[in-house]
Amino acid sequence: MQNVFFMRGILRSYPGKFIFVFIIVLVSVKAGLLLVEPPYYTAIIWPAFGIATGFLMLYGIRYMPAVLLALFTGFYFHDYTAIELLITPLKIAVILSLLGSVIILAKHLFLSRMLKNDSSIAEPIIFTRLFLILATISIILCVVPVLFNFGTFIVAKSTAQYITLSWISSDLVGSIIFIPLFISFKTKKPADREGGYLEKISLAVLLISFILLILLINKNHLLKVSYLLIPFFFWIAFRFNYRDAAVSLVILSILSTYVVMYQSDDLAGKEYFHSVYFYHMYLFISVVVYFMINAFSVRRKMINEVLQQEINRLSSGKKEESIDL
């Protein structure tokens, strides 16, 4: 028991959280780089900046050194194959880690100020504001590499446009999936929706069963049968709180990323760039619709609770009047 409390104490201390943030951000960088397609280095999804921003919103800006160290380590220890003939891995790591830190700090600054005391995304207006902030920051700050390349011509102009557009959308996808997850942990656990523990267990069993069936039985037709999972995620959106919705969206992104990696040719006529853009649009629409459904459902429940309280108050007032009479 003492060892358990000792470990909890370490994880809650600054050094413990520093190491934890470093490891998770480093893993997210490496995972993102593994999903990057050479020689153009276009990302299917880029989770690192979203996860790093989420940590800053959860723990505070004092953990930025851990984020910067993780970015540099992840970018430096990677096989860049063809591009390292033009730029050394050290320069790549320095440029990308510094640029990434600027993007992460900008997201943290604007989100903290614009969302203010809004600690959840259970309101439609809050999620809309969050999405617009992230989209604006991604577009503005990802123009920087284009301007840099325009002056140096390291990469062909036409190729640079494809790469930039891919990174804008892949970073935005990673942000709108992972940042809401971290925001949901800023306060105590949200109240459950209508879905109770029994329903959660039933949903988890059914979802895992369907995933196993899709992976084991229909491996050659992942794209076609994976859409059978969509009703399960919308079940979560309607029935559970926004933290459950955020977790399920991470699962959805992992599954859809797996499908794109192994069946991208089927998405858009054997054109990799088109496949990535198709995937991003799919996740953009899914995330926005999903969170909006969840937000409106939570909002409806709050209104119903207020109305029920008012009805109960009026009913109790009438009973008191009848007693007085």
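Residues numbered from 1 in each chain as written. Predicted model: local features only at pLDDT ≥ 70, side-chain atom pairs only at ≥ 80, totals over all residues. Heavy atoms only, no water.

Undergrad: I'm lost on the overall build of the protein in this one. Help?
TA: Counting its regular elements, the protein contains 13 helices and two strands. The proportion of buried residues among the 325 residues of the protein is 45%. Within the protein, contacts between residues separated by at least 24 positions form 78% of all contacts whose residues are at least 6 apart in sequence. (Helix = DSSP H or I, 4+ residues; strand = E, 2+ residues; numbered from the N terminus. Buried < 20%, exposed > 50% of the residue type's maximum accessible area, 1.4 Å probe, protein only. Contact = heavy atoms within 4.5 Å.)

Undergrad: Even after reading the chapter, I still don't get the packing of aromatic side chains, so can you show me in this structure?
TA: The geometry of an aromatic ring pair is captured by the separation of the ring centres together with the interplanar angle, meaning the angle of the planes. For the coordinates displayed, the defined rule picks out 16 aromatic pairs. Relative to Phe 291, the ring of Tyr 290 has its centre 6.4 Å away and its plane inclined at 75 degrees; by these criteria the two rings are edge-to-face. Each of the two residues, Tyr 290 as well as Phe 291, counts as buried. An aromatic cluster of at least three residues, connected via ring pairs, comprises Tyr 14, Phe 18, Phe 20, Phe 55, Tyr 59, Tyr 63 and Phe 182. Lying across the ring of Phe 185, Arg 243 places its NZ or CZ 4.1 Å from the centre. (Phe/Tyr/Trp six-rings, centres within 6.5 Å; stacked < 30°, edge-to-face > 60°. Lys NZ or Arg CZ within 6 Å of the ring centre and 35° of its normal.)

Undergrad: Sorry, what's going on with helix α5 (residues 89–115) here?
TA: Because each turn of an α-helix spans 3.6 residues, side chains separated by three or four positions in sequence point in the same direction. In this model, α5 (27 residues) spans 37 Å end to end at C-alpha, consistent with the 39 Å of a helix rising 1.5 Å per residue. Every buried residue of α5 is listed here: Ile 92, Ala 93, Ser 97, Gly 100, Ser 101, Ile 103, Ile 104, Ala 106, Lys 107, His 108, Leu 111 and Leu 115. (Expected span 1.5 Å × (residues − 1).)

Undergrad: Looking at this structure, I do not really get the environment of Ile 163. What am I missing?
TA: Along the chain, the position of Ile 163 falls in helix α8 (residues 157–183). Residues Ile 163 and Thr 42, spaced 121 residues apart in sequence, show a C-alpha to C-alpha distance of 5.5 Å.

Undergrad: How should the environment of Met 57 be read in this particular structure?
TA: With respect to the helices and strands, the residue Met 57 is situated in helix α3 (residues 48–59). Residue classification places Met 57 among the buried residues on the basis of a relative accessible area of 9%. Sequence-wise, Met 57 and Phe 182 are 125 residues apart; in three dimensions their C-alpha atoms are separated by 7.5 Å. In this structure Met 57 touches His 108, Leu 111, Leu 115, Ile 179, Ile 183 and Lys 186, once residues within four positions along its chain are discounted.

Undergrad: Hey, could you run me through the confidence of the model for the protein in this one?
TA: Predicted coordinates in regions of low pLDDT should not be interpreted in detail. Considering every residue of the protein, the mean pLDDT works out to 78; 74% of them sit at 70 or more. Looking at the elements of the protein, mean pLDDT is at its lowest for helix α1 (residues 2–12), recorded as 54, and at its highest for helix α4 (residues 64–76), recorded as 95. Note that pLDDT drops below 50 for residues 2–6; the model gives that stretch zero contacts with residues more than four away or on any other chain. Note that pLDDT drops below 50 for residues 266–270; the model gives that stretch eight contacts with residues more than four away or on any other chain. (pLDDT = per-residue confidence, 0-100.)

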